[in-house]
Amino acid sequence: MPESLIFDIDGTLWDSTALVARGYNAQLRDEGLEDHFVTPEDLKGLFGRTMTEIADVLFSHIPVPERYRLMERCMAREEAFLRGDPCRMGYPGVKETLTALSGRHRLFIVSNSQKGYPELVVEKLGLQGLFTDHLCFGDTGKSKGETIRRLMEKNGISDAVYIGDTQGDLEASVYAGIPFVFCRFGFGSPERYDAAISGFSQLTTLF
């Protein structure tokens, strides 16, 4: 049984794509960029990548570095939408399952998100006190695999698994040298995995 469990966010703890798309599109509308509007399905295919990689896809016709500045404004608008919404979009059983798991494991978050996003997710899903630590792309500016390694070094983790939903999550787990648990209900289809779950609550029996 692993000592520590490290979680992805989008496609693993919740599905925020509809609300994020609304936030992005509100900002794009204000800037007269309606031709760059995004859909939740667009985001499902991109979540798991870093913010700069997402900007390179969504705003490829806008020169660097302006596309990254636009992405920052869209993310700020997204955060405003998330803070103002009840965010009832956690997957079934997330709070109950994490509460049970926290009695047997240390819990962590590693995400490719902007700084502040993990804290917002914890607040909105009512998960305060369940996670030992978190790191994201906004904190490190590094790949997810490197960020996982940094979190493990920071917290003295030697025995862990990563729980996520995309090929990128698999690759990050391989880079970090830890097993990968695939959430089938998420956004991706990784080429392989060490274990898989069809519902979040299955983690209590898997471990």
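Rules used in this analysis
- Residues numbered from 1 in each chain as written.
- Predicted model: local features only at pLDDT ≥ 70, side-chain atom pairs only at ≥ 80, totals over all residues.
- Heavy atoms only, no water.
- Pairing = 2+ DSSP bridges.
- Helix = DSSP H or I, 4+ residues; strand = E, 2+ residues; numbered from the N terminus.
- Axes fitted to C-alpha atoms, helices over the stretch in contact; angles between N-to-C directions.
- Phe/Tyr/Trp six-rings, centres within 6.5 Å; stacked < 30°, edge-to-face > 60°.
- Buried < 20%, exposed > 50% of the residue type's maximum accessible area, 1.4 Å probe, protein only.
- Lys NZ or Arg CZ within 6 Å of the ring centre and 35° of its normal.
- Polar contact = N/O pair within 3.5 Å; in protein donor to acceptor, adjacent residues only side chain to side chain.
- Contact = heavy atoms within 4.5 Å.
- Disulfide = S-S within 2.5 Å.
- Core = buried A, V, L, I, M, F, W, Y, C linked by side-chain atoms within 4.5 Å.
- 1 Å grid on protein atoms, 1.4 Å probe; cavity = no way out; pocket = protein on both sides within 12 Å on 5 of 7 lines; lining within 4 Å.
- Points joined across faces, edges and corners; volume = space filled by probe spheres on them.
- Nonpolar A, V, L, I, M, F, W, Y, C, P; charged D, E, K, R; others polar.

**Q** If you had to explain the sheet that holds strand 3 (residues 133-136) to someone new, which residues and values would you point to?
**A** Taken in spatial order, the six strands make up an open sheet running 3-2-1-4-5-6, and their pairing is parallel. Looking at which strands have only one partner, the edges of the open sheet turn out to be strand 3 and strand 6 (195-197). The mean angle between the axes of side-by-side strands here comes to 20°, regardless of whether they run parallel or antiparallel.

**Q** Could you give an account of the packing of aromatic side chains, with specific residues and numbers?
**A** Taken as a whole and judged by the stated rule, the model has six aromatic pairs. The interplanar angle of 35° and the centroid separation of 5.3 Å between the aromatic rings of Phe 182 and Tyr 193 together place this pair among those described as tilted. Within this pair, whereas Phe 182 is found in strand 5 (residues 180-183), its partner Tyr 193 is found in the loop between strand 5 and strand 6, the two being separated by eleven residues in sequence. Accessibility expressed as a relative area gives 35% for Tyr 193, which makes it partly exposed. An aromatic cluster of three or more residues is present, and its members are Phe 7, Phe 131 and Phe 200. Between Arg 149 and the ring centre of Tyr 175, over which it is positioned, the NZ or CZ distance is 4.4 Å.

**Q** Account for the side chain of Gln 27, with residues named and values stated.
**A** Take Gln 27: it is sitting in helix 1 (residues 17-30). You can call Gln 27 buried: its relative accessible area is 12%. One polar contact links Gln 27 to Arg 77, side chain to side chain, over a distance of 3.0 Å. Leave out the neighbours within four places in its chain, and Gln 27 touches Arg 73, Cys 74 and Arg 77.

**Q** Mind laying out the state of the cysteines, listing which residues take part and the relevant values?
**A** Tallied over the entire structure, the rule returns zero disulfides. Left without a disulfide partner, Cys 87 is nearest to the cysteine sulfur of Cys 136, which lies 17 Å away.

**Q** An account of the environment of Asp 159 is requested, with residue identities and associated values reported.
**A** Here Asp 159 is to be found in the loop between helix 8 (144-155) and strand 4 (160-164). Judged by its relative accessible area of 37%, Asp 159 is partly exposed. Along the sequence, Asp 159 and Pro 179 sit 20 residues apart, while their C-alpha atoms lie 9.6 Å from each other. In this view, Asp 159 contacts Met 1, Pro 2, Glu 3 and Ser 4; residues no more than four positions away in its chain are not counted. Polar contacts involving the side chain of Asp 159 include one to the main-chain amide nitrogen of Glu 3, which spans 3.3 Å.

**Q** So what about the nonpolar core? Which residues, and what values?
**A** With 53 residues, the main nonpolar core has Phe 7, Leu 13, Leu 98 and Phe 131 as its most contacted residues. Counting 16 residues, the second largest nonpolar core, distinct from the first, contains Leu 135, Ala 176, Ile 178 and Phe 182.

**Q** I'd like a rundown of the side chain of His 36, residues and numbers included.
**A** With respect to the element layout, His 36 can be found in the loop between helix 1 and helix 2 (40-44). A polar contact is formed between the side chain of His 36 and the side chain of Asp 35, at a distance of 3.2 Å.

**Q** How would you summarise empty space enclosed by the protein if you had to cite specific residues and measurements?
**A** For the coordinates displayed, the defined rule picks out one cavity of 30 Å³ or more. Lining of the largest cavity is provided by 18 residues; of these, Asp 10, Phe 47, Gly 48, Met 51 and Ser 113 occupy positions nearest its centre. Counting residues per element, the ones that place at least two in the lining of the largest cavity are helix 1 and helix 3 (51-58). Its residues placed into classes, the lining of the largest cavity shows six nonpolar, six polar and six charged.

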